[in-house]
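# Descriptive analysis of the structure
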Amino acid sequence: MAASMETSAGTNMLQFMKLIGQLKRVPRTGWVYRNVKKPESVSDHMYRMAMMSLTITDPTVNKDRCIKLALVHDMAECIVGDIAPSDNISKAEKHRREEEAMRHLTGLLPEELKQEIYALWEEYETQSSPEARLVKEFDLLEMILQAYEYEELEGTPGRLQEFFDSTNGRFHHPDVLQLIKSLSEQRGRHMTVTESAEVSEDP
């Protein structure tokens, strides 16, 4: 009986790993809709968020908790996909689908892990802690950093401005604001250089 239970637990864990592996193959919808070539995957996005969490210098937040939140926050998308605002699906319906997916995913795990991961996802969804609110800022920061990188790769400065506009007034943490300042300065220089080059090429 014990061996049978162990086999079942192993099968469930393998199924869990296969499901979250799908995140490597789920492209970020916003980039797909903007015709970005080879758009990043959801797991690409979460990895850099986890690195942002790892490198945060604020001693008042729990760094390990931030890393966990970053790794869990979009986990449901391995089942429901990356639902974008332009998909015209209400926030309530999006939450319902993702909650159902998270219950299925965590149901494959041992009880203690199940509770921990589901609670982390819920904490992020409800923005109920300083760590969850900081990781939300990382979510937005990672998005606009990626947008800037696509503009650089394409040689199309300013093309993805709507992503930057969508984050106006949503950054508050000093460490994040410092990164935003550096990003804005670098992007501004890039756009100025490109505009100058275009002017010099005019007949």
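Residues numbered from 1 in each chain as written. Predicted model: local features only at pLDDT ≥ 70, side-chain atom pairs only at ≥ 80, totals over all residues. Heavy atoms only, no water.

### Quick look at the UniProt feature "domain: HD" (unreviewed entry) in the protein
Here is the rule: UniProt positions are given in the numbering used here, feature names are shortened, and annotations may be inferred rather than shown by experiment. For the purposes of this entry, the term helix denotes a DSSP run of H or I that reaches at least four residues, the term strand denotes a run of E that reaches at least two, and both are numbered from the N terminus.
Residues annotated in UniProt with the feature "domain: HD" (unreviewed entry) correspond here to residues 42-144. A distance of 15 Å separates the end C-alpha atoms of residues 42-144, which is 72% helix and 0% strand.

### Brief notes about a nonpolar patch on the surface
Inclusion rule: Distance thresholds for patches are 9 Å for like charges and 5 Å for nonpolar side chains (Val, Leu, Ile, Met, Phe, Trp, Tyr), applied to residues having over 30% relative accessible area and no salt bridge. Under the convention used here, a 1.4 Å probe and the Shrake-Rupley method define accessible areas, while residue burial counts only the protein chains that appear. Any carboxyl oxygen of Asp or Glu within 4 Å of a side-chain nitrogen of Lys or Arg constitutes a salt bridge here. Categorising residues by exposure relies on relative accessible area from a 1.4 Å probe, with only protein chains included: less than 20% of the type maximum marks a residue as buried, more than 50% marks it as exposed, and the intermediate range marks it as partly exposed.
Among the surface-exposed residues, Tyr47, Met51 and Leu54 lie close enough to one another that they form a single nonpolar patch of about 300 Å² accessible area. A relative accessible area of 33% means that Met51 is categorised as partly exposed.

### Considerations on the environment of Thr106
Under the convention used in this document: The contact criterion used throughout is that any non-hydrogen atoms of two residues lie within 4.5 Å. A 3.5 Å cut-off defines polar contacts: any pair of N or O atoms within that distance qualifies, except that in protein one atom must be a possible hydrogen donor and the other a possible acceptor, and neighbouring residues in sequence count only when both atoms are side-chain atoms.
Its location among the elements puts Thr106 in helix H6 (residues 91-106). Take Thr106: its relative accessible area is 1%, and that puts it in the buried class. Each C-alpha atom, one on Thr106 and one on Ser90, is 24 Å from the other, the two residues being 16 residues apart in sequence. Residues contacting Thr106, with those up to four places away along its chain left out, are Lys114, Ile117 and Tyr118. A distance of 2.7 Å separates a polar atom in the side chain of Thr106 from the backbone oxygen of Met102.

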